[in-house]
Amino acid sequence: MIPAAFDYVAPTSVEAALAALAQYGDEAKIIAGGQSLLPVLRMRLNAPEWIIDLGKIESLRGIRDDGDAIVIGAMTPHSVVGSDSLVAEHAALISKAVEHLADAQVRHRGTFGGALAHADPAGDLGAPALALGAQFVIAGSGGTRTVAADDFFVDLFETAIGEDEILTEVRIPKHTGWGACYEKFVRVAHQWPIVAVAATVKVDGGTISEARVGLTNMGSTPLRARAVEEALAGQSLSEDVVRAAAEKAADGANPPSDLNGDADYRRHLATVLTRRAVVAATGG
Amino acid sequence: MTRISLNVDGASVSDDVEPRMLLVQYLRERLGKTGTVIGCDTSNCGACTVHLNGTSVKSCNVLAVQADGAEVTTIEGLAKDGKLHAVQESFRECHGLQCGFCTPGMIMQSVDLLKENPKPSEEEIRLGLEGNLCRCTGYHNIVRAVQHASGQAVNS
Amino acid sequence: MTATQERPADEVEREIGRDRRRKEDQRLITGRTRWTDNITLPGMLHLAMVRSPFAHATITSIDTTAAKASTNVVAVLTGADFGDELGVCINAWAITTDQVTPTHSPMPSDRVSFAGEIVAVVVARTAAEARDAAELVDVEYDELPAALDLKQAAADEVLAHPDLGTNKSALWVFDSGEAGTGGNVEDAIAKARTDGIVIEREYRQQRLIPAFMEPRSVVVDPTGEQNTMWSATQIPHIVRFALAATTGVPESKIRVVAPDVGGGFGGKLQVTPEEWIAWAVGRRLGKPVKYTETRSESLLSAHHGRDQWQKLTLAAEKDGSVTGFKVELLADLGAYVAIVGGGVPVLGAFMFNSIYKFPAYHFACQTVLTNKTWTDAYRGAGRPEATYAIERIMDELAAEVGVDPLAIREKNWITHEEFPFTTVAGLEYDSGNYEAATARAKEMFGYDELRAEQMARRASGDTVQLGIGVSTFTEMCGLAPSRVLGQLNYGAGGWEHASVRMLATGKVEVITGASAHGQGHETAFSQIVADRLGVAFDDVEVLHGDTQVSHKGLDTYGSRSLVVGGEALVRAVDKVIEKARPIAAHLLEASVDDLEYSGGRFSVKGTDQGLAIGEIATAVFTAHNLPDDVEPSIDAEATYDPINFNYPHGTHLCAMEVDTETGAVKMRKYVCCDDIGNIINPLIVAGQVHGGLVQGIAQALWEEAVYDDAGTLVSGSFVDYLLPTAADTISFDVDHTTSPSTTNTLGTKGVGEAGTIASTPAVVNAVVDAVRHLGVNDIQMPCTPERVWKAINGPGSGGATEGAAMPHFESGGAAGNQEQPGTSSTEGAGA
């Protein structure tokens, strides 16, 4: 319950944070909202010598409209994202996923960028970010670069963010008018999802013009269910079409086996939840 | 050691703390605010819930240094001028506590819940308290206490 | 004139039966609490424990050099540093005279027997420094093969304690034929095999963790003539006795205090290594010490509950009349025989026949040692296991006969005219009315409508099926008649003590030997005293949990506080009145025979002369004018030993929806009508029922302590040991019928465990009922969605739980860059 000792710095700018990273290197960990990092430190599963707190960098907070995308600052708390009207209008899938992310206290403190950077495959934001084609803006000593969602999640708890870099904001292409549903399957409310499916679908006149489906906890990273997306695209909306497409939800997935279910069960869940998510996202 | 200054339950306090000290440990060990308790080490139980700058957080999941400059309200600062907060009163009235260990966190989260949603449905109450574990009450009377505090009819 | 009639002044509202708000709450809702971990003493040192990561290993060396050299570390001690002064953790109930019982050192120096066992203790000026130094203690182990699986352990393939030569601790048998309480069960089964019905099942009682909300904490102050231990315990009196008995410190030199205690549910009914180590360290160093466990430590090392395999054979006639029931249990003790230990399944031995008139009964329980956390009482202790077995198999019988589960119960239960009734297990049930409770529960439930809906869903092939579960439970509680406990070879009695102090100002102090930890004794006992003595509710102060104040008691467990401790209180109050009577007569200059006592006053019959009990207390205080040969005191005490248990019962009905596509289950409705005799405080009773229900429901649906193949507790945090939240539970419909108990003055029965005992089979019966038409007749607990789905889609009861946890808090393997800065995180513990 008591972390190992560390030193602490709370820079007030991204530049200063990058400088601190450069100085302390792999002896440091960044703390954003700290809602997953602090349990790790309390249980002494990790013991960095330095903690660099991004909490005092105001420029990392906030949500803005940037033409064809909305931009969410990495340090924006979940509770702010969840109640934001821009997000609700243009990236409804994010709003739905945040609504039941963790619990109210964690949503007050935890941040959008921090959760994505943590890259827990059971985290609720990875699959929606993938489905929406989010772009991750990462600052380093040489300036900023942008990484596509498909390239961001590398492995279990591993992202494209380099050792000397900081995730500053996430750009989410507008999906205005798309239906959205985040189907989360848990045994008790305070649990990470055993499996969850993030679906957002554009329907024009009874035809599915495009569908994006992301999977939570079906592998070591969040996954796109591309076979489902392809099976839906261009089809006229019907129960049979959705059901047949959803059957492909676990294609290529390599889900874990644990206390809550083995891999086969998770594959099955993915198909059921995908069907339900797509049906709900298409107004069913 | 890092110097922190903050306001806790209406009083200005300032201390040198180790960066690793959790806010809940600071409250309990340095300020003697033992009303706020520690029930787990994974942030599941919510027993340590306090208000940080007006919203509920789990004080085991905040470093004391991160609360520098902040305003913190604990269960001990909820009653004003000797008068219990409506939620405190409702927990007693509706028997929303037994052993009382989860109660400080449960009350602080309920206060936050009602601030965001003054007339919650039973389902909204239950979801709003999903970050707080209780082992005694089966939650039945906790839900009623929140209904009562919100001025709504209480199911039998 | 007012429209309402004024109440006569002497007709004070009775306290018993009133929904008084609790006296305890003011401090609990304002944070002015006295948890053990809140205590800070001058010069206090902090302890951190070094625990074995291995389930079974020889300790080859312990190097404490680095830890001892750390800043502000005062001492690092191992088992070898202590002799007999460390004492042992006792088993108070050898269930057989030849029980195999390993010695349980609080800190063994040679061999560890479960993962989590303490091998060294670090003492430092702060808790943080103690923890830091604990990381530096270097222990080397030679790993030994571990006995983990209960059935394999029972076969003695691998020994949990090689020196004992066997894992089999004790075989406890009851046979109605031999006891003369019924017929021969083998004859009944043989007959049923030829012309009746034989149902054979094997049910699993998974291992549970009590998971009280307050982690255990202990503070020892060795300064002063009496050394003091504050502990988050249910049993301060028993801890004091056991400390004296095992450490050589005279009992008179020991004071144990249980201050505010945050829940127990049996989990704090223990004498723990942590307490014993803190005691020894504090005394060794001559300084106050504190140890507070983390939640992970608590889940790992505080005792677990349940963990049985139940092999059941039920014999019946073709019409469903049961002719015999045979129960063969394997019970997992864990690494040591805990204080009650094997007594837990024995407490269930008398309950498998439940409310039914079975002609023949046989019970055999083999307790088994394994290299896992020790097991002991958890809410219900033996009786939930028994109730689960009988109520599940009665549903199976109903399915076999093809009748409603309530009908099969009615065919076999004791009718209300038959009380008192001596059962096939030899107990005399004093009162009850199963018909009335069942009728009321059915009415509340809307039984027929829900059955109709179930049929409709089946007919339409709905993906969401509905099931109805029944549990008509009874239990024996109120531990207990000392003579019965003696016959069972239990090491202590079952009496309870109370005393009443009449203060000079007319206020009343009541001391009870029961030790509340959330039950509301201060309120309920005040109500009893207020009524009996005729004083104001607010004038009564209930003191407990400190052996210096409450010198005598047997503490709180087994739903005993009210039915045993409350009765002791009644008797103490009656003695106060009788002691006051001659003084009142003297002061009123009347004959004792002319006095009557009512509403807190002695009055002289036929006159308006009288004296309140408080006035007599004041007169006794001054002692200026008392009769000759009367001591200047009307204080009194009483110790009560019941002649029988008491037998709450009730009918619980549960409706569960099962999503056949995912296996997810959802509670739709839960109704119970319990008969717990007379009720002192309906508000408190409702709270006990609600909380008990959810613990029982949680066994059915969510909770399980899972070990992996190496003997590591996989469900070792609240991330993986799933307690339900408000969002996972529903509101309950609770009502009561009343058949007053005839074994205590107040007519009360215990209620603390009823909900837990009854609800588990009601829920599982409902889940199975929802999918029985799909070929399912069992689903192993907890009924996880995966198990339900697998049971629907294949043979068996859903399979075993995978011994692996989700890796949310892992800092990762060598390959990941999660050690790198960018992986800062925010996703919450409960995302």
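This is a predicted model, so every value here is computed, not measured.

**Here we look at the overall build of chain C**
The helix and strand inventory of chain C stands at 21 helices and 28 strands. Scaling as 2.2 N^0.38, a compact globule of 831 residues should have a C-alpha radius of gyration of about 28 Å, and chain C matches this with 28 Å. Over its C-alpha atoms, taken along the principal directions, chain C stretches across nearly 90 × 75 × 60 Å. Taken across its 831 residues, chain C has 66% of its residues classed as buried. Across chain C, contacts joining residues at least 24 apart in sequence account for 79% of those joining residues at least 6 apart. Accessible area of chain C: about 27,100 Å², with a carbon and sulfur share of 49%. The averaged location of the 112 negative side-chain charges in chain C is 2 Å from the averaged location of its 67 positive side-chain charges.

**Description of the pattern of salt bridges**
Residues and elements named next belong to chain C. Counted by the stated rule, this structure contains 90 salt bridges over all chains. Among the ionic pairs, Arg207 bridges to Asp332, the shortest N-O distance being 3.5 Å. Here Arg207 is found in strand 8 (residues 197-208), whereas its partner Asp332 is found in strand 14 (residues 322-334), with 125 residues between them in sequence. Asp332 matches Arg207 in its accessibility class, with the two residues each being buried. For Asp769, the salt bridge identified is with Arg451, shortest N-O distance 3.1 Å. One end of the pair, Asp769, is in helix 20 (residues 754-771); the other, Arg451, is in helix 14 (residues 447-460), with 318 residues separating them in the sequence. The class for Asp769 is buried, based on a relative accessible area of 12%. Connected through shared salt-bridge partners, Arg51, Arg216, Glu274, Glu293 and Glu297 make up one network.

**Examining the packing of aromatic side chains**
Within this structure, the stated rule accounts for 22 aromatic pairs over all chains. Between Tyr265 of chain A and Trp789 of chain C the ring centres are 5.6 Å apart and the planes differ by 50°, which places this aromatic pair in the tilted class. Of the two residues, Tyr265 of chain A is situated in helix 12 (residues 263-281) and Trp789 of chain C in helix 21 (residues 785-793); the pairing between them involves two chains. Between Phe174 of chain C and Tyr361 of chain C, the ring centres sit 6.0 Å apart and the planes meet at 40°, which makes this aromatic pair tilted. Placement of Phe174 of chain C in strand 7 (residues 168-175) and of Tyr361 of chain C in strand 15 (residues 361-369) is noted, with a sequence separation of 187 residues between them.

**What about the domain arrangement of chain B?**
Residue and element names in this part refer to chain B. Taken domain by domain, chain B holds domain 1 (2-77) and domain 2 (86-149). Put simply, the middle of domain 1 and the middle of domain 2, counted by C-alpha atoms, are 21 Å apart. Contacts between domain 1 and domain 2 engage 17 residues on the former and 13 residues on the latter. Surface buried jointly by domain 1 and domain 2 totals about 1,200 Å² across both partners, of which 58% is contributed by carbon and sulfur atoms. Contact with domain 2 buries area across many residues of domain 1, yet Thr49, His51 and Ile75 alone supply 39% of it, more than any other trio. For the interface between domain 1 and domain 2, the tally reads eight residue pairs in polar contact (both at pLDDT 80 or more).

**Let's talk about the domain arrangement of chain C**
Residues and elements named next belong to chain C. Here chain C is partitioned into domain 1 (9-24 + 495-640), domain 2 (52-144 + 213-263 + 268-301) and domain 3 (169-209 + 303-479 + 644-793). Counting residues at the interface gives 16 residues for domain 1, matched by 15 residues for domain 2. Counting the surface lost from both domain 1 and domain 2, the interface buries some 1,300 Å², and carbon and sulfur atoms represent 47% of this. Considering only the side of domain 1, the residues that lose the most area to domain 2 are His517, Thr547 and Asp555, jointly responsible for 43% of the buried surface there.

**Thoughts on the interface of chain B and chain C**
By a widely used convention, the size of an interface equals the accessible area lost when the partners come together. Facing 43 residues of chain B, the contacting portion of chain C comprises 55 residues. Buried area between chain B and chain C, both sides added, is near 4,100 Å², and the carbon and sulfur share of it is 56%. Three residues, Arg92, His95 and Arg135 of chain B, lead the burial of chain B against chain C; their summed loss comes to 20% of the area buried on that side. For the pair chain B and chain C, the interface holds four salt bridges. The partner of Arg21 of chain C in a salt bridge is Glu93 of chain B, and the shortest N-O contact between them spans 2.6 Å. At the boundary of chain B with chain C, the tally comes to 24 residue pairs in polar contact (both at pLDDT 80 or more). Secondary structure elements with two or more residues in the side of chain B that touches chain C: helix 2 (86-93), helix 3 (103-116), helix 4 (122-128) and helix 5 (140-149) of chain B. When its residues are assigned to classes, the side of chain B that touches chain C shows 17 nonpolar, 15 polar and 11 charged.

Cut-offs and rules
Residues numbered from 1 in each chain as written. Chains lettered and ligands numbered in written order. Predicted model: local features only at pLDDT ≥ 70, side-chain atom pairs only at ≥ 80, totals over all residues. Heavy atoms only, no water. Helix = DSSP H or I, 4+ residues; strand = E, 2+ residues; numbered from the N terminus. Rg over C-alpha atoms; globule rule 2.2 N^0.38 Å. Buried < 20%, exposed > 50% of the residue type's maximum accessible area, 1.4 Å probe, protein only. Contact = heavy atoms within 4.5 Å. Areas by Shrake-Rupley, 256 points an atom, 1.4 Å probe, with all protein chains shown as cover. Lys, Arg positive; Asp, Glu negative; His and termini not counted. Charge placed at Lys NZ, Arg CZ, Asp CG, Glu CD. Salt bridge = Lys/Arg side-chain N within 4 Å of Asp/Glu carboxyl O. Phe/Tyr/Trp six-rings, centres within 6.5 Å; stacked < 30°, edge-to-face > 60°. Domains from an automatic or database assignment. Buried area = accessible area lost by both parts, 1.4 Å probe. Polar contact = N/O pair within 3.5 Å; in protein donor to acceptor, adjacent residues only side chain to side chain. Nonpolar A, V, L, I, M, F, W, Y, C, P; charged D, E, K, R; others polar.

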